[in-house]
Amino acid sequence: MLHKGDALLEVCDLTVQFGGVVALNEISLEIYNQEILGLIGPNGAGKTTLFNCLSRLYRQSSGDILVHGQSITPFSPEDMAARGIGRTFQNIALFETMTVFDNVLTGAQFAMNCGLAADIFGGVKLRRERGETRDRIMHLLSLLDLADIADHGIADQNFAVRKRIEFARALAAKPSLLMLDEPAGGLNREEVAHLEDLIRQVRDQFKVAVLLVEHHLNLVMKVSDRVVAMDFGQKIADGLPQAVRAHPQVLQAYLGEDVA
Amino acid sequence: MTFFLEQLIIGLSSGGIYAIMALALVMIYKSTGHVNLAQGEMAVFSTFIAWTLVQTGMPLWPAILLTVAVSFVGAIVLERVVVRPFAEADDLVVVAVFVGLFLSIHSLAGAIWNYEVKPFPSAFSDGSVSLMVDLSIRTHTLGSLVTTGAVLTAVWIFFRYTQLGLALRAAADNRESSRLVGINVSLMLALGWGLAAGIGAVAGVMIAPVTFLDPGMGLAPLIFALAGALLGGITSPFGAALGGLIVGVLEAMISAYVPYGIEFRELIALMLILSVLLVRPAGLFGEIVARRV
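First, a word on what this report is: a plain description of the structure on this page. (Residues numbered from 1 in each chain as written. Chains lettered and ligands numbered in written order. Predicted model: local features only at pLDDT ≥ 70, side-chain atom pairs only at ≥ 80, totals over all residues. Heavy atoms only, no water.)

Let us look at the overall build of chain B. Helix and strand counts for chain B come out as 11 helices and two strands. Listing every helix and strand of chain B by position from the N terminus yields α-α-α-α-β-β-α-α-α-α-α-α-α. Radius of gyration (C-alpha) of chain B: 19 Å, near the 19 Å computed for a compact globule of 293 residues. Each of the 293 residues in chain B was classed as buried or not, and the buried ones make up 51%. Sequence separation of at least 24 residues holds for 72% of the intrachain contacts in chain B that already meet a minimum separation of 6. Summing over all exposed atoms, chain B offers an accessible surface of approximately 13300 Å²; the carbon and sulfur share of this is 71%. (Helix = DSSP H or I, 4+ residues; strand = E, 2+ residues; numbered from the N terminus. Rg over C-alpha atoms; globule rule 2.2 N^0.38 Å. Buried < 20%, exposed > 50% of the residue type's maximum accessible area, 1.4 Å probe, protein only. Contact = heavy atoms within 4.5 Å. Areas by Shrake-Rupley, 256 points an atom, 1.4 Å probe, with all protein chains shown as cover.)

All names here are of chain A. Spatial ordering of the open sheet is given by β6-β7-β8-β3-β9-β10, a layout of six strands whose pairing is mixed. Each end of this open sheet is capped by a strand with a single partner; those strands are β6 (85-87) and β10 (234-239). The sheet shows a mean angle of 20 degrees between the axes of neighbouring strands, direction not considered. Judged from the four bridges that link them, strand β3 (residues 36-40) and strand β8 (residues 209-213) form a sheet pairing that is parallel. Note on β8: the bridge partner recorded for Gly38 is Leu212. Across the sheet, helix α7 (residues 189-206) lies against β3, β7 (177-181) and β8, angled at about 140 degrees from β3, the strand it touches most. (Pairing = 2+ DSSP bridges. Axes fitted to C-alpha atoms, helices over the stretch in contact; angles between N-to-C directions.)

On to the state of the cysteines, then. Tallying each qualifying case throughout the model produces zero disulfides over all chains. Take Cys12(A): it sits in no disulfide, and the sulfur closest to it among the cysteines is that of Cys53(A), at 12 Å. (Disulfide = S-S within 2.5 Å.)

Each partner contributes residues to the interface: chain B has 24 residues there, and chain A has 30 residues. Between chain B and chain A lies a buried interface of about 2400 Å² when both sides are counted; carbon and sulfur atoms form 57% of it. On the chain B side of the interface with chain A, the three residues burying the most area are Gln163(B), Leu180(B) and Val181(B), jointly 29% of the side's total. The interface formed by chain B and chain A holds three salt bridges in total. One salt bridge connects Arg160(B) with Asp102(A), and the closest N-O pair in it is separated by 3.8 Å. Within the residue set of the side of chain B that touches chain A, elements represented by two or more residues are α5 (139-161), α6 (163-173) and α7 (175-180) of chain B. A total of seven residues in the side of chain B that touches chain A trace back to one element, the largest contributor, which is α6(B). (Buried area = accessible area lost by both parts, 1.4 Å probe. Salt bridge = Lys/Arg side-chain N within 4 Å of Asp/Glu carboxyl O.)

This structure, assessed with the given rule, holds four cavities of 30 Å³ or more. As a volume, the largest cavity reaches approximately 110 Å³. Those elements that provide at least two residues to the lining of the largest cavity are β6 and α6 (159-172) of chain A together with α7 of chain B. A total of three residues in the lining of the largest cavity trace back to one element, the largest contributor, which is β6(A). Here the lining of the largest cavity is built from residues that sort into seven nonpolar, two polar and two charged. Approximately 60 Å³ is the volume found for the second largest cavity. Phe224(B), Val247(B), Leu250(B), Glu251(B), Ile254(B), Arg265(B), Ile268(B), Ala269(B) and Leu272(B) are the residues that line the second largest cavity. Elements supplying a minimum of two residues to the lining of the second largest cavity: α10 (237-257) and α11 (265-279) of chain B. Taken together, the residues of the lining of the second largest cavity sort by class into seven nonpolar, no polar and two charged. (1 Å grid on protein atoms, 1.4 Å probe; cavity = no way out; pocket = protein on both sides within 12 Å on 5 of 7 lines; lining within 4 Å. Points joined across faces, edges and corners; volume = space filled by probe spheres on them. Nonpolar A, V, L, I, M, F, W, Y, C, P; charged D, E, K, R; others polar.)

We now examine the sheet that holds strand β5 (residues 70-71) of chain A. Strand pairing in a sheet is mediated by backbone hydrogen bonds. Such pairs are either parallel or antiparallel. Residue and element names in this part refer to chain A. Here we have four strands laid out as an open sheet, ordered β2-β1-β4-β5, and antiparallel in their pairing. At either margin of the open sheet sits one strand with a lone partner, and together these are β2 (21-32) and β5. Sheet topology note: the strand β1 (residues 7-18)/strand β4 (residues 62-67) ladder contains five bridges and is antiparallel. From the neighbouring strand, Thr15 faces β4, where its bridge partner is Ser62. Relative to the sheet, helix α1 (residues 47-54) contacts β1, β2 and β4, its axis offset from that of β1 by approximately 115 degrees.

Honestly, it's all geometry; don't read function into it.
This is the structure:
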């Protein structure tokens, strides 16, 4: 199903250059509210570059990114959580010295704003807010099967668990767009099947749009409402999963020259 | 036995000072990856500020509180102006910056207040408290122990239970992730420096009545605090504080029981630093840092 109405996020003619290398070449796409958009493409197609641009870790050479119609070009990475953009990383980036619970709690940082003095001296509003935040995080942890290890350290957790912790941390910020950078990477078949349900469940329950970068094509095709394919920094296809899957340029990019 | 108890309390009292200094070192180490060699000199400079305030007639406790506040702000400025521009520089460059900071603050204190040794009033009443028959301890020793204990507890509560404490821990742990969850990392780095300097100021005014005040006063406590931090683990605030206490007790015991022990206390601290680095570089509670790349 293709969505109508205002886009949550619009990428307009975005170009990113590193020295002489063009990583993104005038790419345009949009994401609608509560849509699951799969982003596919061979290695080096520019998917992660696009992610990093959306997180403001990279700056574009030209073009613009609009969130709810407003340009995010002036903003820094730390401003993006407040604009509803959350993400996970391909190589997990958790806080290694904290417990699972505290890792997820950091995600709720900007969502709890009550001033320094109240924070230190413990105002009433803060206590109430903290109780609510705590409940919300425990809910997230149980949704992601992490409740039992809430007070455990990060160091002992395996890769699949770490991925879920990062997922929970991104959700704790109440994003309107959740960007998942290769969530299935390193997961076994069973875990991938579980991830598929989880992405849908999260979309339905938290009313988020999901931008999914993934090499696991089966997962992308099954879970996405719409798929965008990229190659060499350009968009080569945009449409329903089955249409993109059969698109000649996509087949060529993935399978080599001789297809078409 | 009472002699041993007396030495233990004295050791814990100076150990408390090393513990909070070690904590200040850990705070800056965790966010910059470097030992702030100027930590001791910053504490001495703060103590001179308190001394000056007292000379103008201000009562000691308000003078201490004002000094902590001034140190907090001063260190934030220092971080912005002197340390921040070298954030991305090589390790050696950063060490040079810290050595430069050490020398500059040391000389500035000497230029303003000269090198004459000055008495510094205790924040507690003079005299001593009798704990048992045959065991009386100077009020300052006990007061200092209680004060550093309170600082350690307050810092622990702050980092463990407040939102800002969590943000500071996050920023020290992983900058990029912190930014992406909306934490202002640059503000957190500045606050970390402010807190470290505030804690250092408390250490300074607690140690000055014992060692007297002069610009060279900060070096020995810095070495003991560094030994403590390394012993406990320079990545672990809890370990560093415990290490500081252990070093304090060790210092007191060696001074009391080893002939001429008081003469080579600093040597012991340096040997401790070397042994930890050789045998267990991460310290007792520190983590061996390994990163997935």
